[in-house]
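Residue-level structural notes
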Amino acid sequence: MVSARVIRNLKKEFRNSALAKIGLVLVISIILIATFAPFVATHDPTAQQLDQSQLPPIGFSETAERTSSQMVDGEIQTVTETVEITPDPDHVFGTDSLGRDMFSRIVYGARTSLAVGVLGTLLAAAVGVPVGLLAGYHRGTVDDALMRVADVSLAFPSLVLAVALIGLWGRAAMDVPDPFVVAGLAPEMPESFVLPITVVIVVGLVNWVWFARVARGEALSLRGQEYVKASRALGASDNTIILRHVLPNAITPIIVLGTVQVAAIILLESSLSFLGFSGTTLSWGFDIAQGRDYVSSGQWWISSIPGFAIMLSVIGINLLGDWLRDALDPGIEGEGGAA
Amino acid sequence: MSERLQAASGAGRGPDADDVLSVSNLSTRFFTEEGQINAVESVSFDIRDNEILGIVGESGSGKSVTSLSLIDLVESPGRITEGEVWYRNPELADEFRSNDAVSVDGDHIDLRTVPPRVRRSLRGPSFSTIFQDPMSSFNPSITVGEQIAEAVEVQRRATANPRSTRSRTQGYGLGQYLLDGIVPGRGYTSEESMDRAIELLEQVGIPDPADRVDEYPGQFSGGMLQRAMIAQALAGEPDVLIADEPTTALDVTIQAQILNLLREVQEERGMSIILITHDLGVIAEMCDRVCVMYAGEIVERGTLSAVFDDPVHPYTQGLLGSIPDLEDPRSRLQPIDGNVPGLLDSEMDDRCYFADRCPKAMQSCLEKPDEIVVDAEAEHGAKCVLAERSYDPDEALPADYFGGDSE
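Just so we're clear, the structure is a prediction, and the values are computed from it rather than from any experiment.

Each value, and the rule that gives it
Residues numbered from 1 in each chain as written. Chains lettered and ligands numbered in written order. Predicted model: local features only at pLDDT ≥ 70, side-chain atom pairs only at ≥ 80, totals over all residues. Helix = DSSP H or I, 4+ residues; strand = E, 2+ residues; numbered from the N terminus. Buried ≥ 20, exposed ≤ 12 C-beta atoms within 10 Å, placed from the backbone. Contact = placed C-beta atoms within 7 Å. Pairing = 2+ DSSP bridges. Core = buried A, V, L, I, M, F, W, Y, C linked by C-beta atoms within 7 Å. Axes fitted to C-alpha atoms, helices over the stretch in contact; angles between N-to-C directions. pLDDT = per-residue confidence, 0-100. Left-handed = near helix turned anticlockwise from the far one by under 90°. Nonpolar A, V, L, I, M, F, W, Y, C, P; charged D, E, K, R; others polar. Expected span 1.5 Å × (residues − 1).

Turning our eyes to something else, we now look at the overall build of chain B. Within chain B, the secondary structure is distributed over 14 helices and 13 strands. Going through the 407 residues of chain B one by one, you find that 49% of them count as buried. Long-range contacts, defined here as pairs at least 24 residues apart, represent 66% of the contacts in chain B between residues at least 6 apart.

Pasting the structure below:
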């Protein structure tokens, strides 16, 4: 499947496109950050330091009004003074309302987003691709039945469906031990990483339809190919044909869709966390929700920085997807001769 | 109508012993949104040992659908609505002799009555097909060798366990697919099948077959791929090879090579070939017997010489008249006016379907003609009144009789 020609196309497209380079750099950074989070993070992302709360990011000084009360001659006097809060060089992105280090939270949030994004996409593909291939290959009643199911699940707004499913199943989360911490390489970091299983399953079930539709479309066009007919005429079974002749030729658009879906699922995960449906508190969406109350009082960074993180990762993954699509486009790749 | 057909074709009263395949009254219809299309209309013919049967006709006359109907590959919305396909296979006949649902006649078994999985198990080992366009008949993402080896593999399963149709039809499971994807160098095909593929490629005249098996279809030329496809079709060691326009996509010199190859292979293996083409030259060069198809029907049949030297049906005459004559290159070709009818059931009148294009259409052509024996010796028959009587200009239909009909 990964022929020399595909690699050549990928390289050529990469050289010609600045956006592809940006996308790849962003995605690789996010992957590295997420993987080596215990080493990148400067603090335990869950450790609260209330005396250091709401520190601004480096480069931004905040003035805040502090009100204190004193007993002066038996009367309570309220004194309001304007204090300047200077950033602490120890907290690059500042701290949130409970004094947790924003930078470390962003780093660990990348883990959640990426894990949910990738696992959710894999689940969606694992459900959607077989359904789509079967529907497209067999057509007729099978197709009608499977695609009506897909249409119905598409008719629900995905967020509403996700909220409903989580409401039904509860918020299950799985503690995955962090290998680096277990090995003693970063002892001050949290020992385990919380994987919100329900969220993974829900985003997978919400997004499988896209894979089913793409796979079905490909299967529909591929089943008309002469080589599928030839293969049938030579006595190959339907499953053999689907696995050997249809799937390999349908894989390119599925891969491209997969990358785009990772970004879409990261967004969906953030939305769910924002609404409080996630099983973990280490999530960009959760932080945005936390910081929402502080935006009006001037602590913009608690919401904005995770927002930027979401934006950069989604842009990065989409640029990567565009690059893959341009490079793997069958129109450019050519089907060989008379196609 | 069936009893009238029997007279000429010998079909209907059961297959003869030397018929590998005997088709009787086969009808295939397509149920489209515009209506029912009668693509194949009560077609009967048989294929004997060691012969090449030609089926010739214009585009849209039902040739290809006939061949697909034989191997049960008609796609929805198409359906075989009627007919019997008798296949000679003593083992299979014995297997099903006690089964009431399956018609068995001596060594022959009616494939229309056996379960679909049995029909599928016969594709490859019993019937193989060569398609028109070799370029698109190979999967571009798998090497040519693998694809031929795959066909060998199907044949191996069939011979390893001839009695069990189950093992023949067993495919390629998901588990194996995943394993192949993870473990590098593991293929669906075994080493022996690959060696056999090299052998087959050598037989069909591909130079350096050992190197070329690892190449992808895109690296082959059209003629080479057509050879590879013949190799693939031979892998199953079929009794009947269906060649559906095998040379149409190739240039003339390659055409000749491929036809020679087909003939050699046929003589060597003693199999039977159904050659479907619109090229009368190919028919003349290759075939022992010919069926001429028009609008889903066989309108004329017989031995090659009977049909070509002494055509009865004006359609056959028209086809032959539209070939350039080498001896008199200045004469104009005589095309048949008009087009093949659309075959929509609602638009087909109960008359000779060719009457609207026929230069010799008469009053009696407004009734559906039966198949009439012209020459029993040459098995020559035609569905035309002219087989019995001669053209009478007094009875001719007025030129504008079908006025709006033909366009």
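Attention shifts here to the pairing of strand 11 (residues 297-303) of chain B. Residues and elements named next belong to chain B. By the criterion of burial, strand 11 is predominantly enclosed, with 6 of the 7 residues buried. Both strand 11 and strand 13 (residues 380-382) contribute to a ladder of 2 bridges, which runs antiparallel. Note on strand 13: the bridge partner recorded for Arg301 is Gly381.

With that out of the way, let us pick up the interface of chain A and chain B. In this complex, chain A contributes 26 residues to the contact, which on the side of chain B involves 31 residues. Within the residue set of the side of chain A that touches chain B, elements represented by two or more residues are helix 9 (226-233) and helix 10 (238-274) of chain A. Per element, the largest residue contribution to the side of chain A that touches chain B is 7 residues, and it comes from helix 10 of chain A.

Right, let's talk about the nonpolar core for a bit. Among the nonpolar cores identified, the biggest contains 190 residues, and Phe211 and Val246 of chain A together with Ile148, Leu201, Ala228, Ile274 and Val292 of chain B are the most heavily contacted of them. Here this core takes 19 residues from helix 4 (residues 102-138) of chain A, the largest share from any one element. Residues in contact with Phe211 of chain A, not counting those within four places in the same chain, are Ala124, Ala125, Gly128, Val129, Gly132, Ile254 and Leu257 of chain A.

The subject of this paragraph is the sheet that holds strand 5 (residues 104-105) of chain B. Residues and elements named next belong to chain B. Spatial strand order, 2-1-4-6-5: 5 strands in an open sheet with antiparallel pairing. Two strands close off the open sheet at either side, each with one partner strand: strand 2 (36-48) and strand 5. Here strand 1 (residues 19-31) pairs with strand 4 (residues 78-88) via 8 bridges, running antiparallel. If you follow Ser27 over to strand 4, its bridge partner there is Glu82.

Looking now at the sheet that holds strand 13 of chain B. Residue and element names in this part refer to chain B. An order of 7-8-9-3-10-11-13-12 is seen for the 8 strands of this open sheet, with the pairing classed as mixed. Strands at the two margins of the open sheet, each flanked by one partner only, are strand 7 (127-130) and strand 12 (372-375). The sheet shows a mean angle of 20 degrees between the axes of neighbouring strands, taken without regard to direction. Sheet analysis places strand 3 (residues 52-56) next to strand 9 (residues 272-277), joined by 5 bridges and oriented parallel. Paired with Ile55 across the bridge in strand 9 is Ile276.

For helix 14 (residues 314-321) of chain B, every residue scored as buried is listed here: Pro314, Tyr315, Thr316, Gly318 and Leu319 of chain B. Packed against the buried residues of helix 14 of chain B are helix 12 (280-286), strand 10 (289-294), strand 11 and helix 13 (304-309) of chain B.

Mean pLDDT over chain A stands at 85; residues scoring 70 or higher make up 96%. When the criterion is pLDDT under 50, residues 332-339 of chain A qualifies, and its contacts beyond four places in sequence or with other chains add up to 16 contacts.

Moving on: the environment of Arg357 of chain B. Within the fold, Arg357 of chain B resides in the loop between helix 14 and strand 12. Residues Arg357 of chain B and Tyr315 of chain B lie 42 residues apart in sequence; the distance between their C-alpha atoms is 8.7 Å.

We now examine the packing of helix 4 of chain A against helix 12 (residues 301-328) of chain A. All names here are of chain A. Interhelical geometry of helix 4 versus helix 12 gives an angle of 40 degrees and a closest axis separation of 11 Å. The element helix 4 and its partner helix 12 pack so that their crossing is right-handed. Residues Met102, Ile106, Gly109, Ala110 and Ser113 of helix 4 form the contact with helix 12, whose own contacting residues are Trp301, Ile305, Pro306, Ala309 and Ser313. Partitioned by chemical class, the residues of the contact of helix 4 with helix 12 number 7 nonpolar, 3 polar and no charged.

So, about helix 6 (residues 158-169) of chain A. Taking 1.5 Å per residue, 12 residues should reach 16 Å; helix 6 of chain A reaches 16 Å between its end C-alpha atoms and fits that length. Where helix 6 of chain A ends, the next residue or the one after it, Gly170 of chain A, has phi of about 80 degrees, a positive value.

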